Amino acid sequence: MNGSEMMALVRDLYPLCRSLTGDGVRETLKRIQRLIPLEIREVPSGSPALDWTVPLEWNVREAWIRTTTGQTIVDLKDSTLHVVGYSTPIHATITRTNLDSHLHSLPEDPDWIPWRTSYYSESWGFCMPHRLRQTLTDAEYEVFIDSTLAPGHLSYGELLLPGTTEQELLVSVHVCHPSLANDNLSGIAVATAVAMLHRDQPRQLGIRFLFIPGTIGSLTWLELNRPNLILIVGGLTLTCLGDAANLTYKRTFDGRCAIDRAALHVLEAEGKSHELLDFYPYGYDERQYNSPGFRLPIGSLMRSRHGRFREYHTSADDLSLVSGDQLEEAAHVVSSILSLMDRDRCYVSLAPEGEPQLGRRGIYRAVGGGGDPEALQYAMLWLLQAGDGRHTLLDVAERSGIAFSVMAEAADILETHALIAWSDPDEGTALRPSRSSR
Amino acid sequence: MNGSEMMALVRDLYPLCRSLTGDGVRETLKRIQRLIPLEIREVPSGSPALDWTVPLEWNVREAWIRTTTGQTIVDLKDSTLHVVGYSTPIHATITRTNLDSHLHSLPEDPDWIPWRTSYYSESWGFCMPHRLRQTLTDAEYEVFIDSTLAPGHLSYGELLLPGTTEQELLVSVHVCHPSLANDNLSGIAVATAVAMLHRDQPRQLGIRFLFIPGTIGSLTWLELNRPNLILIVGGLTLTCLGDAANLTYKRTFDGRCAIDRAALHVLEAEGKSHELLDFYPYGYDERQYNSPGFRLPIGSLMRSRHGRFREYHTSADDLSLVSGDQLEEAAHVVSSILSLMDRDRCYVSLAPEGEPQLGRRGIYRAVGGGGDPEALQYAMLWLLQAGDGRHTLLDVAERSGIAFSVMAEAADILETHALIAWSDPDEGTALRPSRSSR
Amino acid sequence: MNGSEMMALVRDLYPLCRSLTGDGVRETLKRIQRLIPLEIREVPSGSPALDWTVPLEWNVREAWIRTTTGQTIVDLKDSTLHVVGYSTPIHATITRTNLDSHLHSLPEDPDWIPWRTSYYSESWGFCMPHRLRQTLTDAEYEVFIDSTLAPGHLSYGELLLPGTTEQELLVSVHVCHPSLANDNLSGIAVATAVAMLHRDQPRQLGIRFLFIPGTIGSLTWLELNRPNLILIVGGLTLTCLGDAANLTYKRTFDGRCAIDRAALHVLEAEGKSHELLDFYPYGYDERQYNSPGFRLPIGSLMRSRHGRFREYHTSADDLSLVSGDQLEEAAHVVSSILSLMDRDRCYVSLAPEGEPQLGRRGIYRAVGGGGDPEALQYAMLWLLQAGDGRHTLLDVAERSGIAFSVMAEAADILETHALIAWSDPDEGTALRPSRSSR
């Protein structure tokens, strides 16, 4: 799935009226299902979700404001942002003052429609450009929201690409924002592309993809999957990956997990400018995954940071804000991080006393006396020296300054010659037969 | 007790002839007793004080040098610094050469009288301006010191402001220097002011104030209070707090104790320039408290560092060197450090799986979609994320960059809503009922 | 042994044709034996050496290339570098093309002879200046190598200067390079000088000197001495110490061993520019000592780094590259590092509660009130404060900024007055009688 194909998916999903629940999310998941074998889960309203409860399902069919003479001011048909998310139904003619208390606009960006929600307190409202709001001078207006807020389901999508072990990586994206391209659809497109890319590759660690409504979706999934959380060894939430900014990685709560180091190594190896953020308790579902009761090692990859770019949560976060090249690069980086996590492991030398004689095995240059060895031979020497079963490939790559890929190639050669074996770091130098599953 | 009142105390105590023991110290303690309910302890000469012994009590009534024609050269009446501390009695006419071997002066500061002592080897001596010493050309002089060095007592003052727990903070000042304003009286004034300020405040940790002669006083107190030392969780020695220099904090031997972090946080929060010194085995009674057999976490707060300002231990350390404003600021900082220590503790989240739903409890803004939350809400999110029972409020304040006071306010709100509870860090995530005593 | 004497040794050993084995090494060891009581070990070919095997012994008596008209092109008599180390015997007239495949030269340094070996794959070859090689235009040449590659022995030299404990320091130099002055002979000369210097000094830790062929020598020694390796508490490989560059210390694999800190402290105390290198798995026998099965804390001291100076492994690494002054300085630094390692230890205060009264013991100035104490008294105060049995002299020297030598002097004084005692850091504050053996 290249950048153009990812943009095509973004364009396809852009018009749908998504929210925490409802047919917009359901339709979004079905369209993703055409590309990857997503399972769509439906969790009934009222189900427990840790400290929360799955809310009523919300669907909106029509919503507008008209003058008493029938002139349309705003209409849901024109933008899914016009109606406040989870608005209760209404049909009434009300005073301008009353209406105004239900309106949201942005005086500083008077041409943009803001996006607002009222998930957890019942009310209704409209969002519009501030310039338009200022033209409302009539005494009364007719408002109509044909919505239902009723027992139904919370929908989310899940796909597990199984590995040869039970351990898993987690990729989580939110699917609850309406027509917002960068904050929502870019993450969806990148996760879909990564799933397609990895579907047919062999892997040690399973990769689990979640397409979920923000907060309540991850809380619900965590509630339902508590026993299996221990199998998650790392992961990422993905968001805002299509804009023009550099890639930014936000660390886990712990900050020194394998995923933190893998992300940093890949970003540095890419050689492009990037930013690192320490964990903070705001953002997306990494908040839930990292909470003290779980402490799942989930970082977050983004470009512009939520809430810190001007178009954030406005109609200006539209298709023009994201580009296929940026999405493609992001998918490539995510894929590399997952691959590194999958490949990284500890090795123990099987000839730990002194250096083994590589020359006898035909994996060392024959004539001595020259200068430093080349990178691959150097990587072999490093792995043998570090081979006490407590250093991962990434440890040795970081320490030696040799690229992870070269280190992995060296490990393959040494493993083939039975000079190193995969080791469980918790067991120290105790040897373990090299698993055949790789 | 404001700066003027503190200066009044300094002025009142300035003329008294203090030493390790004797009536000067006793009178000093009595005058402090008018302000705070100090208990005055008297420990007999010869009592063991760890590796030391409480010395004989020294009192001096009169001391002078005269020419053989009766002209007075120096007289104790003019300055308590003129006689070497713990001088043995003498009345004799002696040669200039002999006299000179008993004189102390400062060639580089020829108008100042140095302060010298001879506590632990019996001798006598006089201190005088170098310029005056140079005028001594007679063949003989009459010297007179009417002192007694006899079994008596070592006197010190002690005040405990009890807390709701048995644990204590320690504030220790030395009271053994004669007419020296910055090195001695400034610490006495600040400790007295802090005691008055905290006397009527509720507190978790007791605050114990010691007004003691340097070294032998703390050794004696440590000898007598060995069983209770384990209850001391932090503290400060106070000295040289009235001069014009910035505040300087000297770390404990360990360097990373709670008191070290509290002092740093308060000094940084004050926003004024300040200095930090690593522990060194010189200075004041923090040497004794930090010694390897005790390792009490006692730091030291000062302005100019002892021995490093020109007026140190000379007659130029007089009333003009200290100011009420500087004393008042120092008292404020000491008070803030003690309060922070008292308020800091670990919390554990009572809803640790995912984030609890703050909105349902009315402590989160209702309409979603806006930007970053404000500091107080952010502090709540931080405390909930950090709520594994191993992070103190100060840990979270330092990590988040949010002020300790805001963090404490957030903790109060969350505790009220039963979302967090006080936790013992040694017990990890094990819960503990929130103590009612706060 | 001063610099001139060290240079005399270098000059004496320079012409010998050393290799991994053979009479060149044997003669080298015998000449060193004239200066220090080296024991010469002979290990039979075929003996196991960890993953390796002791090779056949190689000796070469004559080697040359001649034109078919009898004109000599190169001759072993002119330079020991001309013949590839471990060349098999040959006597044949061969085509220029065939000959050329057995030649080594340096196009970038066309006047220098490279040094090449073929220890572990049987072949033969010659090394010559590139300029000379380019003059070879005849169709055929006569080549002659009168060598033997036959069962014999690997020879190495060993000297233990015993200490009063069983623990040892290790100094290891390679002796397998032919006429190369800096890379080989400089290390031999420095090790010999250090052995002579320490021979008659009292010491706690034994010092073991190894004069061994590179790689296979250390592997053989490790194989034979496995049970005693645990006694080695630190050490150095020495190489390339005679050139004009600054001293460079290469850390152990661990990087924070006592030897690493000792080397750094001595280099810094010397006040000269120096470089520090993190461990890398290339270089000399420190590779074998640090391998994961042993992890002996062996660093490496050098000036120019092997493979990184132009003359490395060429005929330009001759007597003119090394100087007596540089050798002498290096020997002094090595000696200081070994002495520091020998002297460093943990002390526990025997009067840990408060400070002991130094004045009563006559080791503190009598008159109080002056400024900071001088370094020796300050060092005493530091040792007493640090005296919890977990700080070594070097720890306290580093922390206080006081020179190690002053710290050691202070320790002597305090130990004389029974104020501190030697302590085993693993036993924490538990006291241990001061060993009489110092």
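Residues numbered from 1 in each chain as written. Chains lettered and ligands numbered in written order. Predicted model: local features only at pLDDT ≥ 70, side-chain atom pairs only at ≥ 80, totals over all residues. Heavy atoms only, no water.

### Comments concerning the environment of Leu-50 of chain C
- Of note, Leu-50 of chain C is situated in the loop between β2 (48-49) and β3 (52-53).
- Residues Leu-50 of chain C and Ser-339 of chain C, spaced 289 residues apart in sequence, show a C-alpha to C-alpha distance of 32 Å.
- Dropping the residues within four chain positions of it, Leu-50 of chain C is found in contact with Glu-353 and Gly-354 of chain A together with Leu-219, Leu-222, Glu-223, Arg-226 and Phe-294 of chain C. (Helix = DSSP H or I, 4+ residues; strand = E, 2+ residues; numbered from the N terminus. Contact = heavy atoms within 4.5 Å.)

### Some points on the interface of chain C and chain A
- Each side of the interface is counted separately: chain C has 30 residues, and chain A has 29 residues.
- Summing the contributions of chain C and of chain A, the shared interface buries around 2,400 Å²; its carbon and sulfur component is 47%.
- When the buried area of chain C at its contact with chain A is split by residue, Asp-51, Pro-281 and Tyr-282 of chain C rank highest and sum to 27% of it.
- Scanning the region where chain C abuts chain A turns up five salt bridges.
- The closest approach of N and O atoms between Arg-287 of chain C and Glu-355 of chain A, which form a salt bridge, is 2.7 Å.
- Taken together, the connections running from chain C to chain A amount to 14 residue pairs in polar contact (both at pLDDT 80 or more).
- Each residue belonging to the side of chain C that touches chain A can be placed in one class, and the counts come to 13 nonpolar, 10 polar and seven charged. (Buried area = accessible area lost by both parts, 1.4 Å probe. Salt bridge = Lys/Arg side-chain N within 4 Å of Asp/Glu carboxyl O. Polar contact = N/O pair within 3.5 Å; in protein donor to acceptor, adjacent residues only side chain to side chain. Nonpolar A, V, L, I, M, F, W, Y, C, P; charged D, E, K, R; others polar.)

### What about the side chain of Lys-250 of chain A?
Residues and elements named next belong to chain A.
- Relative to the assigned elements, Lys-250 resides in strand β14 (residues 247-250).
- Note on Lys-250: relative accessible area 0%, which makes it buried.
- Reaching out from Lys-250, the side chain makes a polar contact with the backbone oxygen of Tyr-282 at a distance of 2.6 Å.
- Within the local environment of Lys-250, its side chain forms a polar contact with the side chain of Glu-286, the two groups lying 2.9 Å apart.
- Setting aside anything within four residues of it in sequence, one finds Lys-250 in contact with Leu-277, Asp-278, Phe-279, Tyr-280, Tyr-282, Gly-283, Glu-286, Gly-299, Ser-300 and Met-302. (Buried < 20%, exposed > 50% of the residue type's maximum accessible area, 1.4 Å probe, protein only.)

### Digging into the relation of the copies chain C and chain A
- The two copies are related by a screw motion: chain C maps onto chain A through a turn of 120 degrees and a shift of 0.1 Å along the axis, at an RMSD of 0.1 Å. Within this description, the copies of the chain are treated as partners about a three-fold rotation axis. Looking at the rotation axis and the C-alpha trace of chain C, the residue lying nearest is Arg-256 of chain C, at 13 Å. (Least-squares fit on C-alpha atoms with pLDDT ≥ 70 in both.)

### Re the interface of chain B and chain C
- The partner chain C presents 29 residues to the 30 residues of chain B that form the contact.
- Together, Asp-51, Pro-281 and Tyr-282 of chain B form the three largest contributors to the area buried by chain B at its contact with chain C, with a combined 27%.
- For the pair chain B and chain C, the interface holds five salt bridges.
- A salt bridge links Arg-361 of chain C to Asp-51 of chain B, with the shortest nitrogen-to-oxygen separation between them at 2.8 Å.
- In terms of residue class, the side of chain B that touches chain C is made up of 13 nonpolar, 10 polar and seven charged.

### Here we look at the side chain of Ser-147 of chain B
All names here are of chain B.
- Looking at where Ser-147 falls in the secondary structure, it is placed in strand β9 (residues 140-150).
- Within polar-contact distance, the side chain of Ser-147 engages the backbone oxygen of Ser-87 at 2.8 Å.
- Not counting chain neighbours up to four residues away, the residues in contact with Ser-147 comprise Trp-58, Asn-59, Val-60, Arg-61, Ser-87, Thr-88 and Pro-89.

### Looking at unusual backbone geometry
- At Leu-50 of chain A, a residue that is not glycine, the phi angle is positive and equals roughly 55 degrees.
- When its relative accessible area of 17% is taken as the criterion, Leu-50 of chain A is described as buried.
- For Asn-184 of chain B, which is not glycine, the phi dihedral falls at a positive 145 degrees.
- Within the secondary structure, Asn-184 of chain B sits in helix α5 (residues 181-198).
- A relative accessible area of 1% means that Asn-184 of chain B is categorised as buried.

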